[in-house]
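# Chain and residue survey
Given next are the chains, with one letter for each unit.
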Amino acid sequence: MALLVVGSVALDSLETPFGRREDVLGGSASYFSACSSFFGPTRLVAVVGEDFPEEHVRFLAGRDVDLAGLSREPGRTFRWKGRYEFDLNTAHTLDTQLNVFAGFRPVLPPGFRNSEFVFLGNIDPDLQRAVLDQVERPRFVGCDTMNYWITSKRASLLETLKRVDMLFVNDAEARQLAGEHNVVKAARAILSLGPKALVVKRGEYGALFFSGDEVFAASAFPLPEVFDPTGAGDSFAGGFMGYLAHRGRADVATMRRAIVLGSVLASFAVEQFSLDRLRTLRPEEIRARYAEARGLAHFDDLENDLFNGAATPG
């Protein structure tokens, strides 16, 4: 079914313990659509400047990403510069230049307005609701946010949360949004704000899923090397939402598989800088790693006679 993503397309400059890259493809919508497109067509709405390389446009278009909503405006493309130390869970922002993204006001092409699955990338919550106002009858809406919006536009974000089905945040953002130190308590508080489900992204430790009384923990795929964690969360969301749209449903069993697929796509994204690993990734590699992840999480029942004859407390 039709999947829409609205977010950023950017040029990133990165420094990690494993190397440096200048002005490489980045942005939440880029990572998301590169991953979601493995499962079906994706419609992208974003803005870039006059300096945005045409090779990146060709890459996205070649992945069955509909770019009718990609606007090229006078000026420079959104740029982010960051550095990672050996603790790759923390990005140190060195420079942010919003450029044309500062004036981004997403307008959906008429052909995008019937999208049934929608992902609202990490943008101003006012703009997130403006997108929803343009979608005719969305069946499932996923939403990302960050600490900046939680602090600076909390009231607006809470209005947005009333209209989404699932929120994607990391554990620090979940605690900040809920005002709870414990992640489980934070999740329950967030679900009371409107979303029917919540994914708490925990980096190298995996992800937690909450929906009603349902809780599911997915571990991250163990990797011998991580080169660039930028975009891991957006890759996760792309795999997750792409699978839901492919299946055309959002029941708990489907979302459990989607979480594992999201973790698998994120594990590939971090193996090289920028989107380089996603450029060469093949569907059979995704299927094989999913099977490995399933095997890693499997364990047998306890033996029936384990506690026979054991002393009972009290």
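Once a new chain begins, its residue numbering starts again from 1 and follows that chain's sequence as written. Only residues with pLDDT of 70 or above have their local features reported here, since the model is predicted, and side-chain atom pairs are shown and tallied only from 80 upward, although totals for entire chains, interfaces and linings are computed over all residues. Just so you know, side-chain values use all the structure's heavy atoms and leave hydrogens and water out.

With that settled, consider the UniProt feature "domain: Carbohydrate kinase PfkB" (unreviewed entry) in the protein. UniProt positions are given in the numbering used here, feature names are shortened, and annotations may be inferred rather than shown by experiment. Feature annotation in UniProt places "domain: Carbohydrate kinase PfkB" (unreviewed entry) on residues 108–274, given in this structure's numbering. Helix numbers and strand numbers start at the N terminus; a helix is a DSSP run of H or I with at least 4 residues, a strand a run of E with at least 2. Helix makes up 45% of residues 108–274 and strand 17%, with an end-to-end C-alpha separation of 27 Å.

This part covers helix 8 (residues 232–247). With 16 residues, helix 8 should reach 22 Å at 1.5 Å per residue; the first-to-last C-alpha distance of 23 Å fits that figure. Accessibility here uses a 1.4 Å probe with only protein chains present; expressed as a share of the type maximum, an area under 20% marks a residue as buried, one over 50% as exposed, and anything in between as partly exposed. By the criterion of burial, helix 8 is predominantly enclosed, with 12 of the 16 residues buried. Burial in helix 8 covers these residues: D234, S235, F236, A237, G238, G239, F240, M241, G242, Y243, L244 and A245. Of the residues trailing helix 8, G248 is marked for its positive phi of about 70°. Each residue after the first adds 1.5 Å to the expected span of a helix.

On to helix 2 (residues 54–62). What helix 2 keeps buried is the set H56, V57, F59 and L60. With its buried residues spanning 160° around the axis, helix 2 presents them on a single face. Turned more than 90 degrees away from the buried face of helix 2, the exposed residues are R58 and G62. In this structure, the buried residues of helix 2 make contact with strand 2 (10–16), strand 3 (19–26), helix 1 (28–36), strand 5 (65–73) and helix 10 (276–280). Once helix 2 finishes, D64 follows within two positions and takes phi at roughly 65°, a positive value. Here, the arc refers to the directions that run from the helix axis to the C-beta atoms. Contacts between residues were defined by any pair of non-hydrogen atoms, one from each residue, lying within 4.5 Å.

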